[in-house]
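Here are the chains, one letter per residue:
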Amino acid sequence: MEFFRIKRDIPFMRHALAFNVVSLVTFLAAVFFLFSRGLHLSVEFTGGTLLEVTYSQPADLTVVRETVAKLGFEDVQVQNFGTSRDVLIRLPVRKGVSSAQQSNQVMAALKAVDAGATMRRAEFVGPQVGDELAADGLKALAFVVIGIMIYLAVRFEWKFAVAAIIANLHDVIIIMGFFAFFQWEFSLPVLAAVLAVLGYSVNESVVIFDRIRENFRRYRKMNTVEIINNAITSTISRTIITHGSTQMMVLSMLLFGGATLHYFALALTIGILFGIYSSVFVAASVAMWLGIHREDLVKGSAAKKDLDPNDPNAGATV
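Sequence order as written defines the numbering, with residues in each chain counted from 1. In keeping with the predicted nature of the model, local features appear solely for residues at pLDDT of at least 70, side-chain atom pairs appear and are counted solely at 80 or more, and the whole-chain, interface and lining totals rest on all residues. Hydrogens and water molecules were not included; the side-chain quantities draw on all heavy atoms of the structure.

1. Observations concerning the overall build of the protein
Where helices and strands are cited, they refer to DSSP runs of H or I of at least four residues and of E of at least two residues respectively, numbered from the N terminus. For the protein, the helix and strand inventory stands at eleven helices and six strands. A 1.4 Å probe rolled over the protein chains alone gives each residue an accessible area, and that area as a share of the maximum for its type sets the label: buried under 20%, exposed over 50%, partly exposed in between. Relative to its 318 residues, the protein shows a buried fraction of 44%. If you sum the accessible surface of the protein, you get close to 16300 Å²; carbon and sulfur atoms cover 63% of it. Only the protein chains shown count as cover for residues, and the accessible areas themselves come from Shrake-Rupley with a 1.4 Å probe.

Now the structure itself:
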């Protein structure tokens, strides 16, 4: 399905160098903020107190957050747990205050607002568990990157694998750079969003790479730059439909999903926007700088003969 079709190829690669410079500057800025400010890690990574509170009627999470915030706790996570009457509260570590004291202080404040509040359990998450979660998250990120590289190297060619990974890491580092600069809370849902962006971004790159390979088989008289421009232009309608519908869904979570989904949706919003950009101006241009050729993708007799662009089987796999 296409909303429109552009008959003339847009010269994207004419400005590839300028956009790559912008990408490099943005990437280096993100790295700088990651090292200078660091990520504002949530309770899952730093340790803290977990409270499970149940109410006699559906709980108002906004009132619970405001009540806990008045006690001086920052970056408290409040969300439903199981049913609308069960609430899970994550409290960060506070120096000089034990986990039991934190639990008693919070429950006293909650009972003052609603006498039906009852604490079902209270647990302390130590920093050792947080370190383990951070290590597992980094391992998951590494495995995703390695898997993507192997997949692209097998399906296309190693130059495309390198280009896609550079583009994907570009997206991931920039997302984390935003969280470091604004000191937004980096939690497990945000980590899940980062991993989702990796898969989402590589999907767009694969679509463009697949069209590049098809164009190399179809158009013998086009050079590499023209092939890439044609591939990007011919997939624009699909890009707008796919990313537009996805972005609307993510924005609805960002605007109406409440505090629990806020940073998760924010990470996805940033990742989708930069994923579109990186697939065109990072992945495709890096593949061009690495020197992709027709011979890298077209084997056998298909590389030796001209294919009629009007032939419906011109882009078929050989």
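Moving on from the model shown.
2. Here's the deal with the packing of helix α7 (residues 188–218) against helix α9 (residues 236–256)
One can describe the packing of α7 onto α9 by two numbers: an axis separation of 12 Å at closest approach and a directional angle of 170°. One way to sum up the angle between α7 and α9 is to call them roughly antiparallel. Side by side, α7 and α9 meet where Y200, N203, E204 and V207 of the first sit next to R238, T239, T242, H243 and T246 of the second. Under the convention adopted here, Pro, Cys and the residues Ala, Val, Leu, Ile, Met, Phe, Trp and Tyr are nonpolar, Asp, Glu, Lys and Arg are charged, and Gly plus all remaining residues are polar. By residue class, the composition of the contact of α7 with α9 is two nonpolar, five polar and two charged. Only the stretch in contact is used when fitting a helix axis, every axis being a line fitted to C-alpha atoms; angles between N-to-C directions are given from 0 to 180 degrees. Should an angle fall under 35 degrees it is called roughly parallel, over 145 degrees roughly antiparallel, and 65 to 115 degrees roughly perpendicular, with every other angle called oblique. For this analysis, residues touch if any pair of their heavy atoms sits within 4.5 Å.

3. Re the pattern of salt bridges
Salt bridges are identified by distance alone: a Lys or Arg side-chain nitrogen within 4 Å of an Asp or Glu carboxyl oxygen. The tally for this structure, following the rule as stated, stands at seven salt bridges. Across the salt bridge formed by E204 and R238, the nearest N and O atoms sit 2.3 Å from each other. Here R238 lies in helix α9 and E204 lies in helix α7, a separation of 34 residues in the sequence. Among the residues examined, E204 registers a relative accessible area of 2% and is labelled buried. Linking D210 and R213 is a salt bridge whose minimum nitrogen-to-oxygen distance equals 2.8 Å. Here D210 and its partner R213 are both found in helix α7, three residues apart, which amounts to about one turn of the helix.

4. Let's talk about the confidence of the model for the protein
pLDDT is defined as a per-residue confidence score from the predictor, taking values between 0 and 100. With 90% of its residues at a pLDDT of at least 70, the protein reaches an overall mean of 83. Mean pLDDT per element in the protein: helix α11 (residues 294–297) is the minimum at 72, and helix α1 (residues 16–36) is the maximum at 92. Confidence drops under pLDDT 50 across residues 300–318; counting only partners more than four residues distant or on other chains, this segment forms 19 contacts.

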